[in-house]
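# Observations on the three-dimensional arrangement
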Amino acid sequence: MSTAAPRKVAPPVTAEVPRTRPRRALRASSTFNFWLFTGPFLIGLVIFVFVPIVWSMYLSFFEARFTVTPSEFVGFANYKQILTDTDFRNSLVTFTVFAAFIVPATWGLSLGLAMLVNRLRFMRAFFRSVFFLPTACSYVAAALIWKMSIFNGVRFGLANTVLDWFGVENIAWLANPDPPWYWLVIVTVRLWLQSGFYMILFLAALQNIPQELYEAAAIDGAKPGWQTFRYITLPQLRATSTAVILLLLIAAYQAFDEFFNLLSKTTWGQPPLVELYKMALGENQNYGAGSAGAVVLTLLICVVTLLQGKIMGFGRGEESK
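Residues numbered from 1 in each chain as written. Predicted model: local features only at pLDDT ≥ 70, side-chain atom pairs only at ≥ 80, totals over all residues. Heavy atoms only, no water.

Let's shift gears to the nonpolar core. In terms of nonpolar packing, the biggest core is built from 57 residues, with F98, F259 and L262 touching the most fellow members. Contributing elements (two or more residues each) for this core: α2 (77–83), α3 (86–119), α5 (139–150), α7 (182–207), α10 (238–253), α11 (257–262), α12 (272–281) and α13 (287–312). The greatest single-element share of this core, amounting to 14 residues, is contributed by α7. (Core = buried A, V, L, I, M, F, W, Y, C linked by side-chain atoms within 4.5 Å. Buried < 20%, exposed > 50% of the residue type's maximum accessible area, 1.4 Å probe, protein only. Helix = DSSP H or I, 4+ residues; strand = E, 2+ residues; numbered from the N terminus.)

Have a look at this one:
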């Protein structure tokens, strides 16, 4: 009979359940990084954008001359003053004329440049950079170049030099409102400044059009050129075209730099922002009326944007088109 002691059986080893602290720590770290990078931007957005907008709306209901501190509640008197002001209403007409020129011209030029660059077989990046480069230029610097070098109105100006080759006399581009040659100066400088940006938008949209559509159209007998552009390219660019037109309309409402620097000593052709600038920061310094005009202009931009988006179907799904 064996006298050996029975061997002890080791208890089963249970797998440890992983703790959730590392995952929580990772989530907390991601949240911290998010606020670390976006926090300064959000703080700047609140301080320099949202607070001035709210304060301007509040100030528009008060009498505030030579100070941004409201002194007397006047209700809608500032709005009545700005809406009955002849210069402000004329500036809205000026915007209509300016938008009628600049919006279709920029849309057509940027789309044409995008289609040309998209067809290139080599040096596409070079030409894309060349056309986009003016976007980085300051509006003030470009306006001064147009005013003092290209369209300065003297015989040695670039525009008048070219016209002299064809026997045309010198033209006072910015000094004479009849005929209004200053519109040519303003429209060309803005075309040069912003066409490259919208060209990039159209170029990205063109590169996303499936090539199978053009191949199917060629099989069906569609001729390359106007037919394919009208029935394939243009419908595929509908969303991008709508966004570009909305951005152009908003930018036209906010035109200031080129008008102020090109026509600073004239009384014609001023957009709404220049009139508000003269009202709020001019001799009277009526900040209450200037704030009311800013609110009216903001509401007008919102209404035009919504109507334009509604007409062109911006934001609707493919099934509703």
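Now for the layout of surface pockets. Taken as a whole, the largest pocket encloses approximately 530 Å³ of empty space. Along the wall of the largest pocket there are 19 residues; nearest its centre are N118, R119, Q211, Y214 and T233. In terms of residues, the lining of the largest pocket owes the most to one element, helix α8 (residues 211–219), which gives four residues. Among the residues forming the lining of the largest pocket, the class breakdown is ten nonpolar, six polar and three charged. (1 Å grid on protein atoms, 1.4 Å probe; cavity = no way out; pocket = protein on both sides within 12 Å on 5 of 7 lines; lining within 4 Å. Points joined across faces, edges and corners; volume = space filled by probe spheres on them. Nonpolar A, V, L, I, M, F, W, Y, C, P; charged D, E, K, R; others polar.)

What follows is about the environment of P104. If you trace the backbone, P104 turns up in helix α3. Remark: the alpha-carbon pair of P104 and I245, spanning 141 residues in sequence, is separated by 8.2 Å.

As a further point, take the confidence of the model for the protein chain. A residue-level look at the protein chain finds 86% of positions with pLDDT of 70 or above and a mean pLDDT of 81. Per-element averaging of pLDDT across the protein chain places α12 at the bottom with 73 and α7 at the top with 91. (pLDDT = per-residue confidence, 0-100.)

What follows deals with α10. Helical periodicity: at 3.6 residues per turn, an α-helix aligns residues three or four positions apart in one direction. Across its 16 residues, α10 extends 23 Å between first and last C-alpha, which sits within 8% of the 22 Å expected from 1.5 Å per residue. Within α10, burial applies to T240, S241, T242, V244, I245, L246, L248, L249, A251, A252 and Y253. (Expected span 1.5 Å × (residues − 1).)

Its identity is not glycine, yet M123 carries a phi of approximately 55°, on the positive side. Considering the arrangement of structural elements, one finds M123 in the loop between α3 and α4 (124–132). Look at M123 and you get partly exposed, because its relative accessible area is 45%.

Counting through the fold element by element, N78 comes out in helix α2. In this view, N78 contacts L59, S60, F61, F62, G288, A289 and A292; residues no more than four positions away in its chain are not counted. (Contact = heavy atoms within 4.5 Å.)

We now examine the pattern of salt bridges. This model, assessed by the stated rule, comprises two salt bridges. The salt bridge partner of E63 is R65, with a shortest N-O separation of 2.8 Å. Its relative accessible area of 22% is what places E63 among the partly exposed residues. Note on R65: relative accessible area 37%, which makes it partly exposed. (Salt bridge = Lys/Arg side-chain N within 4 Å of Asp/Glu carboxyl O.)

The N-to-C vectors of α4 and α7 enclose an angle of 145°; their axes lie 8 Å apart at closest approach. Each of R124, R128, F131 and F132 in α4 lies in contact with α7, whose residues at this interface are G196, F197, M199, I200, L203 and Q207. Residues that form the contact of α4 with α7 fall into these classes: six nonpolar, two polar and two charged. (Axes fitted to C-alpha atoms, helices over the stretch in contact; angles between N-to-C directions.)

Orientation of α10 relative to α13, taken along the N-to-C sense of each, is 160°, at an axis distance of 10 Å. By the criterion of interaxial angle, the relationship of α10 to α13 is roughly antiparallel. Along this stretch, α10 crosses α13, giving a crossing that reads as right-handed. When α10 is examined against α13, the residues R238, T242, I245, L246, L249, I250 and Y253 are found in contact with a partner set consisting of L297, L300, I301, V304, T305, Q308, G309 and M312. Residues of the contact of α10 with α13, tallied by class, amount to ten nonpolar, four polar and one charged. (Parallel < 35°, antiparallel > 145°, perpendicular 65-115°, else oblique. Left-handed = near helix turned anticlockwise from the far one by under 90°.)

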